[in-house]
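Structural characterization, general
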Amino acid sequence: GARGKNGRPSYMQSYPYVTGVEPSSDNQLSFGVYSGDTSGYYGLDLLNCAKTGLRYSSTACESGNGLPVGFSINGAVTEAPVAFAGYGIVAKDVSFDDYAQQPSAADVRGNVVMVFDGNPDNDNPHSAFGRFDIRTKALIAKEHGAVGMLVISREEVFDRDPLTRMTYDQSLGETAIPTFVISRRAACEIAGVDQASLKTIEEQSAGKQNAVKANAHLINKSSRASFKVNLVKKSVEAYNVIGILDGTDKTLKNEAIVIGAHYDHLGHGGQGSLAANSTEIHHGADDNASGTAAIMELAREFAVAKKNKRTIIFIAFSGEEEGLFGSSYYVQNPVFPLDKTVAMINLDMVGRLKDNKLDVGGIGTASEFKALVESNNPHDLSTTPIAVNPNMQFNPALPGKFQLALSDDGYGRSDHSSFYGKKVPVLFFFTGTHNDYHKPSDTADKINYPGEVSVINYVAAIEQAIDQNPVRPTYTVAKSSGTGGRATFNISLGTIPNYADSNDGLLLDGVRDGSPAAKGGVKAGDKVIKLAGHDIRNVMDYTYVLGEMKADVEYEIVVLRGGEKLTLKVIPVRRQ
């Protein structure tokens, strides 16, 4: 099983989790105007707000006027010219190109670019500009030759800007070039304009036509920026909790069934919360204390019965809400060989059974699963005892069968996806969403306890049917339900990205059989480093490039496989 720090067996499987970043003492960001030699220089230290040559009032400087964003790559530049690039967006599908507006034909090579935060559609998520976040803008700037990026804050009071909090999301990675957020006052200083003019320029930059914009000459040609970014990642150990129940059959015990559920939730809210600005405790009774309690009860019952022929591995995963971190780590570092893992059963939100409706996903991942799931659907939920221990007493008083909603796909936004990416057949149990999802109101008093017992019994019966059959489930390629990714595109390659921390390429957890990626020779475990001529460092770069690609056009994809760099061809298909 897992090993503790002392090398002894442990229930805890640890993996590194990045909690944030902190700047080392030598971060710098300064701006200056030069007249050929240093005697003509006036300087502006944006990090520490030194007052040399500052044209606006000293009170504006108390809290600093610039900071590296928490997900900036480290790097340094001395006296680079500053160029302005609107919102920093290039969206060919709507003929919008901020770099085409540069007076020198988009040549910002060697420059630091200054761009507005947000997008021309005021952050409308359904906009064609919705995919352009700061990481995407940094990639575009790098592709135009820029060596750094200054993002102009949207907040009048600089320290109210979320970008000043230096947060880091390890599922999204770093920017392609060093990136700072600067105050609107600092942007005025660099551009040589007042606040009202900056607002006008911001509105003009949102103009949807590629007419020459009034801001093209915004930056003083003698402006220079110098900076050094040195951020240190802080990490803690996160844990999957794993318990192993050895099989009793001398042959079948060499195969395993995984039963899993994630035990993390959203704490006091933040990213992922659907209660805007709430800092209340998000209790997560259904998501996913219900699944965690279910696998604990299943472990207790199976351990009492000791009738399992195959080895059963019970895993409580962490990091699911932030990007399947725990299950992704497990499938890269399994405690039992994945090729001997015959099935994975995932319970995520099984505490709100209503009208006997139960969703079961992954039906198409093994040829036997549909018949197995349907034949074990109890005739009477009120009298069916738990399959492994007939002595268990309960009376849920739920007559009739489950009303099953079956889906084929083995991918999706829960931990079974990590296993299916490794060609392990999966089943996913879910009692449905509700108004308390990802809110503080997901509390224990709303759990349907008898309903959850019925789900546990049903899962136990299915697990036992898999366990007792000497023939393992037959892995099959499931039809896609189109719900595996985090964004929707017009085209599909059939790749399943890994959302773990990455800045040197995007690891693929899976590739759908028969998909454009599979036909092009891309495989699970490949690391994509270039796609359609763009460098790929992380999942944000990848999603940006997917948004630019068109169906039925051939593109190059460069992957690392083992130590080898392979250049392959893919032809995206139109997403159904």
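Residues numbered from 1 in each chain as written. Predicted model: local features only at pLDDT ≥ 70, side-chain atom pairs only at ≥ 80, totals over all residues. Heavy atoms only, no water.

1. Quick word on the overall build of the protein chain
Counted only if it meets this: A run of H or I in DSSP becomes a helix once it reaches four residues, and a run of E becomes a strand once it reaches two; helices and strands are each numbered from the N terminus. Relative accessibility decides the category of a residue: with a 1.4 Å probe and only protein chains considered, values under 20% of the type maximum give buried, values over 50% give exposed, and everything between is partly exposed. Contacts were defined at the residue level, with two residues in contact if any of their heavy atoms lie within 4.5 Å.
Of regular secondary structure, the protein chain possesses ten helices and 28 strands. A buried classification covers 55% of the 576 residues belonging to the protein chain. The long-range share in the protein chain, meaning contacts at least 24 apart out of those at least 6 apart in sequence, stands at 77%.

2. Things to note about unusual backbone geometry
Following Asp287, the chain continues into Asn288 via a peptide bond in cis, with omega recorded as 5°. Note on placement: Asn288 falls in helix H4 (residues 285-305). The backbone phi angle of Glu79 is positive, close to 50°, even though this residue is not glycine. Topologically, Glu79 is positioned in strand E7 (residues 75-84). At Leu324, a position not held by glycine, the phi torsion is positive, near 55°. Within the secondary structure layout, Leu324 lies in the loop between strand E16 (311-317) and helix H5 (325-332).

3. Focus on the packing of aromatic side chains
Working definition: an aromatic ring pair is given by the centre-to-centre distance plus the angle between the planes. As a reminder of what qualifies: Note on ring pairs: Phe, Tyr and Trp rings are taken, using the six-membered ring of Trp, and paired if centres are within 6.5 Å. Classes follow the plane angle, with under 30 degrees stacked, over 60 edge-to-face and the rest tilted. Distance and angle both matter: a charge sits over a ring if NZ of Lys or CZ of Arg is within 6 Å of the ring centre and within 35 degrees of the ring normal.
If you walk through the whole model with that rule in mind, you get 14 aromatic pairs. An angle of 25° between the planes, with centres 5.4 Å apart, marks the rings of Tyr15 and Tyr329 as stacked. One end of the pair, Tyr15, is in strand E3 (residues 12-23); the other, Tyr329, is in helix H5, with 314 residues separating them in the sequence. With a relative accessible area of 5%, Tyr15 lands in the buried category. Summarising the aromatic geometry, the rings of Phe180 and Phe227 are spaced 5.4 Å apart at their centres and angled 55° between planes, so their arrangement reads as tilted. You can see Phe180 sitting in strand E12 (residues 179-182) and its partner Phe227 sitting in strand E13 (residues 223-229), a full 47 residues away along the chain. With a relative accessible area of 3%, Phe227 lands in the buried category. Aromatic ring contacts, followed pair by pair, group Phe84, Tyr87 and Phe116 into a single cluster. Against the face of Phe71 rests Arg135, its NZ or CZ located 3.9 Å from the ring centre.

4. Points about empty space enclosed by the protein
The following threshold applies: A cavity, in this analysis, means grid points on a 1 Å lattice covering only the protein atoms where a 1.4 Å probe fits yet has no way out; a pocket is instead an open set bounded by protein on both sides within 12 Å along at least five of seven lines, and a residue lines either one if it has an atom within 4 Å of a point. Grid points are joined across faces, edges and corners, and a volume is the space filled by probe spheres set on the points. In this classification, Asp, Glu, Lys and Arg are treated as charged, Ala, Val, Leu, Ile, Met, Phe, Trp, Tyr, Cys and Pro as nonpolar, and every other residue, Gly included, as polar.
For the structure on display, the rule yields two cavities of 30 Å³ or more. Of the volumes computed, that of the largest cavity is approximately 80 Å³. Every residue lining the largest cavity is listed: Tyr411, Tyr420, Gly421, Lys423, Tyr475, Val477, Ala478, Val511, Arg512, Asp513 and Ala524. Of the residues assigned to the lining of the largest cavity, the class counts are seven nonpolar, one polar and three charged.

5. Quick word on the pairing of strand E24 (residues 527-531)
Residues in a regular strand project their side chains so that they alternate between the two faces of the sheet. For clarity, the threshold we go by: Between any two strands, pairing holds if DSSP finds at least two bridges.
The sheet contact formed by strand E23 (residues 506-511) and E24 spans two bridges and is antiparallel. Within E24, the position partnered with Leu506 by the bridge is Val528. Inspection of the sheet shows E24 paired to strand E26 (residues 555-561) by four bridges, in the antiparallel sense. Across the sheet, Leu531 pairs through a bridge with Ile557, a residue of E26. Sheet analysis places E24 next to strand E25 (residues 534-535), joined by two bridges and oriented antiparallel. Paired with Lys530 across the strands is Asp535, a residue of E25.

6. Some remarks on the nonpolar core
Basically, it comes down to this: Residues grouped as a nonpolar core are buried Ala, Val, Leu, Ile, Met, Phe, Trp, Tyr and Cys residues, joined through side-chain atoms within 4.5 Å.
In this structure, Met114, Met149, Ile182 and Leu531 are the most contacted members of the largest nonpolar core, which totals 81 residues. The next biggest cluster of nonpolar side chains, apart from the first, holds 34 residues, and it includes Leu298, Phe302, Leu358 and Val360.

7. Comments concerning the pattern of salt bridges
Stated precisely, the cut-off is as follows: Salt bridges are defined by distance alone: a side-chain nitrogen of Lys or Arg within 4 Å of a carboxyl oxygen of Asp or Glu.
All chains considered together, the criterion is met by 20 salt bridges. Where Lys446 meets Asp436, a salt bridge forms, and the shortest distance between an N and an O atom there is 3.4 Å. With a gap of ten residues between them, Lys446 in the loop between strand E20 (426-430) and helix H8 (449-468) and Asp436 in the loop between E20 and H8 connect regions that are remote in the sequence. Taken together, the salt bridges that share partners define one network made up of Glu156, Arg184, Lys199 and Glu202.

8. Focus on the packing of helix H1 (residues 134-143) against helix H10 (residues 539-548)
Selection criterion: Interaxial angles span 0 to 180 degrees and are taken between N-to-C directions of axes, which are lines fitted to C-alpha atoms, for helices over the stretch in contact. Oblique is the label for any angle not under 35 degrees, not over 145, and not in the 65 to 115 range, which are roughly parallel, roughly antiparallel and roughly perpendicular in turn.
Running from amino to carboxyl end, H1 crosses H10 at an angle of 75°, the nearest separation of the two axes being 9 Å. The orientation of H1 relative to H10 falls into the category roughly perpendicular. Across the interface between the two elements, Arg135, Thr136, Leu139, Ile140 and Glu143 of H1 pack against Met540, Asp541 and Tyr544 of H10. The residue makeup of the contact of H1 with H10, split by class, is four nonpolar, one polar and three charged.

9. Overview of the sheet that holds E3
Reading across the sheet, the eight strands line up as E3-E14-E16-E15-E17-E20-E18-E19 and stay open at both edges, with mixed pairing between neighbours. Whereas interior strands pair on both sides, the edge strands pair on one side only; in this sheet they are E3 and strand E19 (403-406). The sheet shows a mean angle of 20° between the axes of neighbouring strands, taken without regard to direction. As paired elements, strand E15 (residues 256-262) and strand E17 (residues 341-347) share five bridges and run parallel to each other. Bridge assignment links Ala256 to a residue of E17, and that residue is Thr341.

10. Description of the pairing of E13
Counting buried residues in E13 gives five out of seven residues, a clear majority hidden from the surface. Taken together, the five bridges between E7 and E13 define a ladder with antiparallel strand orientation. Note on E13: the bridge partner recorded for Val77 is Phe227.

11. Some words on H4
Put simply, the test is: To estimate how far a helix should extend, the number of its residues minus one is multiplied by 1.5 Å.
Between its first and last C-alpha, H4 extends 28 Å over 21 residues, near the 30 Å set by a 1.5 Å rise per residue. At the exit of H4 stands Lys306, carrying a positive phi of roughly 50°.

12. Some details on the packing of H4 against H8
What counts, and what does not: Should the near helix be turned anticlockwise from the far one by less than a right angle, the crossing is termed left-handed; should it be turned clockwise, right-handed.
Packing of H4 against H8 brings their axes to within 10 Å, and their N-to-C directions diverge by 50°. Here H8 runs oblique to H4, going by the angle between their axes. Judged by the twist between their axes, the crossing of H4 over H8 is right-handed. Residues Ser290, Ala293, Ala294, Glu297, Leu298 and Phe302 of H4 form the contact with H8, whose participating residues are Glu452, Ile456, Val459, Ala460 and Glu463.

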